[in-house]
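Reading the structure
Residues per chain, in single letters:
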Amino acid sequence: MYYCEKCKTANAEKVCARCGNTDLRIAKDDDVSFFYKMPDNHFATMFIEALKSQNIDVFAVPCGFSIATRANDSLMLYVPVKFLNDAYDIYVSMFGE
C-alpha cells in the first residue's frame, strides 16, 4: 500500500486516487489516512463511537457549512492505515456498502 502525503490517503496503486499525485511512498501502519467524508454529524458520531469501542483511533475534521444551523454539516474521518480494513468492516456493518 502507498501513501500520499499531499492528501493523507492510502492507495493500492502508486498514483493517488484522490489527487493524482505520483510521488507516493510506502505506507506505514501509523500513517493517518483519509477514510470517509460523513455527510451527517449524527451518523458520524455513531460511527466514531463504534470505532472507539473497538480501540480504533479516529480523527474527525469538520468541513462544509450548513446555512440552516450555521455550523459544519459534515466530518472528514481519518484512521491509521493499520485500521483501514477494520474501519471499513465496521462501516459496512452499520451502514451497508
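Everything in this summary refers to the structure shown in the same document. (Residues numbered from 1 in each chain as written. Predicted model: local features only at pLDDT ≥ 70, side-chain atom pairs only at ≥ 80, totals over all residues. Heavy atoms only, no water.)

Quick notes on the overall build of the chain
- Regarding its fold elements, the chain presents two helices and six strands.
- Scanning the chain from its N terminus toward the C terminus, one meets helices and strands in the order β-β-β-β-α-β-β-α.
- In the chain, buried positions account for 38% of the 97 residues.
- Of the roughly 6,100 Å² of accessible surface on the chain, 52% is carried by carbon and sulfur atoms.
- Side chains of the chain give 10 positive and 13 negative charges; the mean places of these two sets differ by 8 Å. (Helix = DSSP H or I, 4+ residues; strand = E, 2+ residues; numbered from the N terminus. Buried < 20%, exposed > 50% of the residue type's maximum accessible area, 1.4 Å probe, protein only. Areas by Shrake-Rupley, 256 points an atom, 1.4 Å probe, with all protein chains shown as cover. Lys, Arg positive; Asp, Glu negative; His and termini not counted. Charge placed at Lys NZ, Arg CZ, Asp CG, Glu CD.)

Quick word on unusual backbone geometry
- The phi torsion at Lys8 lies on the positive side, around 55°, for a residue other than glycine.
- Residue classification places Lys8 among the partly exposed positions, given a relative accessible area of 36%.

Considering the side chain of Thr9
- One can find Thr9 in strand β2 (residues 9–11).
- Assessed through its relative accessible area of 6%, Thr9 is described here as buried.
- Dropping the residues within four chain positions of it, Thr9 is found in contact with Tyr2, Tyr3, Cys4, Cys16, Arg18, Ser33 and Phe34. (Contact = heavy atoms within 4.5 Å.)

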